[in-house]
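One-letter residues, chain by chain:
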Amino acid sequence: MASESSPLLAYRLLGEEGAALPANGAGGPGGASARKLSTFLGVVVPTVLSMFSIVVFLRIDATGPSGLRVLPQGYGWNLLYGSLLLGLVGGVCTLGAGLYARASFLTFLLVSGSLASVLISFVAVGPRDIRLTPRPGPNGSSLPPRFGHFTGFNSSTLKDNLGAGYAEDYTTGAVMNFASVFAVLFNGCTGIMAGANMSGELKDPSRAIPLGTIVAVAYTFFVYVLLFFLSSFTCDRTLLQEDYGFFRAISLWPPLVLIGIYATALSASMSSLIGASRILHALARDDLFGVILAPAKVVSRGGNPWAAVLYSWGLVQLVLLAGKLNTLAAVVTVFYLVAYAAVDLSCLSLEWASAPNFRPTFSLFSWHTCLLGVASCLLMMFLISPGAAGGSLLLMGLLAALLTARGGPSSWGYVSQALLFHQVRKYLLRLDVRKDHVKFWRPQLLLLVGNPRGALPLLRLANQLKKGGLYVLGHVTLGDLDSLPSDPVQPQYGAWLSLVDRAQVKAFVDLTLSPSVRQGAQHLLRISGLGGMKPNTLVLGFYDDAPPQDHFLTDPAFSEPADSTREGSSPALSTLFPPPRAPGSPRALSPQDYVATVADALKMNKNVVLARASGALPPERLSRGSGGTSQLHHVDVWPLNLLRPRGGPGYVDVCGLFLLQMATILGMVPAWHSARLRIFLCLGPREAPGAAEGRLRALLSQLRIRAEVQEVVWGEGAGAGEPEAEEEGDFVNSGRGDAEAEALARSANALVRAQQGRGTGGGPGGPEGGDAEGPITALTFLYLPRPPADPARYPRYLALLETLTRDLGPTLLVHGVTPVTCTDL
């Protein structure tokens, strides 16, 4: 369960009361004493001081020629002054949030008094000339003294100040433009996150952060507008451009302005330092950057992350080396804009994801404001500094990639998942099955798996056959929910999803509970998928007596890593699935139900693929690479129903075209690119060679299928009295003797085996001596006849399939019921 000490980046800005940082550096629950700041002290004060400091006071060179002239000047001295002040600020923040709050309130009073004196001075002070800082002339000569003018309230002064009139910045020598002025002015709004950074120290963060931030922004905006109006009404352009410290020159008591300068500088520094330390502490506790931030986890007995404060102090000390604020203004502004754009993008993502738990209390919130914020931030970033903008975005992208690779805490949640869900749902609704067209057909596979230990090669082969289509791994758990205390299927999903990840297949997982495998298969065939993405092809392993193999023991992807036994790690995948079935042990599926499942799929207008001996497939053909190997392979396709003895060119039916399509799809996979596709054309004893081959080649040209066509004479084919129009299932359903059917199956098996391992040198009519040195057949596609109408013949049907595919190596028996090819443009 989440606690108050949950990481800041885990959206724990709005935590519960009654928990605090641990008393040691290891993290853990604590008391509620750490959260004691009110809305005013914890949000309003630091936000106001941070926003005031940049523009109103830090733009004044307090130690320069127009400041305290008693202090030595120079880059080294200024670095020393900044380092001493930073040390003071770091000491306050190291001692905890309580001392910080008291110091902030004191500086708030000083700044408010200084602002009040400045505002009163605009009205109380009369017109005067103010001597400007002298500029060196050419060759080191001195120029005549120059003066700016405080005119009092004068409409002519206001009119003269309305135009842009960009000039040279006397502190840097650079000519100002809109982007540079915006970069400096924008820093006046950068304190808006000061209150949010203190969320861990607030009594009621869910109320204090929005309320305090809005009050602080409104107050600061009012003061800024008032100062802009009074300055432009009373000070001429020369004074505004040539003396950034003109507030002291027009003040009733100049030392009070100087006190405000130092007070606001200290307050802004404290706010930034303590806020940054809290963020670094949260990053460290989430272990996002490993040992780099590991020491930042250490906290004091009272819960103050003093080590994170030291980290922040060191980073700021490096920034002080730059020397001038205007030098850093563009870079700092770009990084702030990146941060604000990221916040806006997060809110925009949550709004577009339509997550029910995203209910912002800010009544004016909408995705339009977020999108406007993101676009505005990105636009101003590139206007201010294209180089800094590009570098900051690149850095953010690298950090995001690093965090993605390392994996964030599981308690975070991923907004990308919510966005994907929203988009997938939207486009699934637009995927209309009534608009399906054969030109855009693709296989959508449902692979029924009993135990994945013995089916890994088939899992990968089916993944190659899907060709960008839907791929679902289905499993039936035997049982009756009425007799069970809970659903045994739900706890299994984690193991199956881990299997998908480890096997590196792009598949969904669908599990069901059923009294029988056949009923479970019916459930999955009907309900798997969603909308227009539903399986159209059922894939099953072949039902034979071959002892199952445990591929977990030999597959490199399933060898457990050395650290898998560490305490707290997930259990080994091999322990999540039972060992393979022992030879001779009872099966969950009978031969009758197996053939009945095939018949059910065909009745439901699903294509069927039965895979035999897939474990003998060459490993390089199942890899994710290009399949480069010194051994050449053939993929043989027999688009004729070898258990229906008739020849002639009219055999290319829907099922035959489906075989050609599936074999072609497999050849499009990189691992199978080098394999040669061979299509065997069976001729009857009375057919002349050549004529049928020409017609088949013309068809392949129309279908844009590249394959080698070979004619073979099937001596056991149709006799003189064989009807040419015999229906597909007539043979297996006919009353012919079992001995005749068995002989036909053995003859077809011998014919197929005779062509395996042959090169292109053999002519039609069978081999004239095999070429042992040539390519061998890696996979054979055979025509799967329909099961007989009489269920009593199911075992005999399965026996014929076993005879037909015996010793053929990896074989796919395929039956297609839907058109999958089209020659129209």
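Residues numbered from 1 in each chain as written. Predicted model: local features only at pLDDT ≥ 70, side-chain atom pairs only at ≥ 80, totals over all residues. Heavy atoms only, no water.

Asks: How do you make sense of the overall build of the protein chain when you look at a structure like this?
Replies: On a plain count of helices and strands, the protein chain comes out with 24 helices and 12 strands. Within the protein chain, the proportion of its 825 residues that are buried is 46%. Put simply, 78% of the contacts in the protein chain that link residues at least 6 apart link residues at least 24 apart. Total accessible area on the protein chain is roughly 40,100 Å²; 63% of this is exposed by carbon and sulfur atoms. (Helix = DSSP H or I, 4+ residues; strand = E, 2+ residues; numbered from the N terminus. Buried < 20%, exposed > 50% of the residue type's maximum accessible area, 1.4 Å probe, protein only. Contact = heavy atoms within 4.5 Å. Areas by Shrake-Rupley, 256 points an atom, 1.4 Å probe, with all protein chains shown as cover.)

Asks: Explanation requested: the nonpolar core in the structure shown.
Replies: As a rule of thumb, nonpolar side chains are buried together in soluble globular proteins. Counting 65 residues, the largest nonpolar core has Leu447, Leu459, Tyr471, Trp672, Phe781 and Leu812 as its most contacted members. Tallying contributions element by element places helix H20 (residues 654-667) first for this core, with nine residues. Beyond its immediate sequence surroundings of up to four residues, Tyr471 is in contact with Leu445, Leu447, Leu458, Leu459, Ala462, Asn463, Lys466, Val505, Lys506, Ala507 and Phe508. Grouped together as the second largest cluster of nonpolar side chains are 49 residues, Leu589, Ala596, Ala601 and Ala741 included. (Core = buried A, V, L, I, M, F, W, Y, C linked by side-chain atoms within 4.5 Å.)

Asks: What's the story with helix H16 (residues 456-465) in this structure? I'm lost.
Replies: In an α-helix there are 3.6 residues to a turn, and that puts residues three or four apart on one side. Summarising burial for H16: 10 of the 10 residues are buried, a large majority. Those residues of H16 that fall on the buried side of the exposure criterion are Leu456, Pro457, Leu458, Leu459, Arg460, Leu461, Ala462, Asn463, Gln464 and Leu465.

Asks: Would you explain a positive patch on the surface in this entry?
Replies: A surface patch of like charges, here positive, comprises Arg425, Lys426, Arg430 and Lys435. Within the secondary structure layout, Lys426 lies in helix H15 (residues 415-430). (Patch = residues over 30% accessible without salt bridge, like charges linked within 9 Å, V, L, I, M, F, W, Y side chains within 5 Å. Salt bridge = Lys/Arg side-chain N within 4 Å of Asp/Glu carboxyl O. Lys, Arg positive; Asp, Glu negative; His and termini not counted. Charge placed at Lys NZ, Arg CZ, Asp CG, Glu CD.)

Asks: Sorry, what's going on with the side chain of Gln710 here?
Replies: Mapping Gln710 onto the fold places it in strand S10 (residues 708-713). Separated by 2.5 Å, the side chains of Gln710 and Glu708 make a polar contact. (Polar contact = N/O pair within 3.5 Å; in protein donor to acceptor, adjacent residues only side chain to side chain.)

Asks: Hey, could you run me through the pattern of salt bridges in this one?
Replies: Opposite charge on two side chains lets them pair, provided their charged atoms get close. For the structure on display, the rule yields 13 salt bridges. For Arg434, the salt bridge identified is with Asp432, shortest N-O distance 2.9 Å. Taking relative accessible area as the criterion, Arg434 reaches 74% and is therefore assigned exposed. Of the charged contacts in the structure, one is a salt bridge between Glu742 and Arg746, with a shortest N-O distance of 3.7 Å. Here Glu742 pairs with Arg746, and both are found in helix H23 (residues 738-755), just four residues apart, close to one helical turn. Through salt bridges with shared partners, a single ionic network connects Asp544, Arg612, Glu802 and Arg806.

Asks: Is there a simple way to explain the sheet that holds strand S11 (residues 776-783) in this structure?
Replies: Two strands in a sheet stick together by hydrogen bonds in their backbones, pointing the same way (parallel) or opposite ways (antiparallel). Ordered by their spatial adjacency, 10 strands build an open sheet running S5-S4-S3-S6-S7-S12-S11-S8-S9-S10, and the pairing between neighbours is mixed. Of all the strands in the sheet, just strand S5 (508-514) and S10 have a single pairing partner and so form its edges. The average angle at which neighbouring strand axes cross in this sheet is 25 degrees, direction not considered. Direction of pairing for strand S8 (residues 633-638) relative to strand S9 (residues 676-683): parallel, over a ladder of four bridges. In the sheet register, Val637 faces S9, and the bridge partner there is Ile679. (Pairing = 2+ DSSP bridges. Axes fitted to C-alpha atoms, helices over the stretch in contact; angles between N-to-C directions.)

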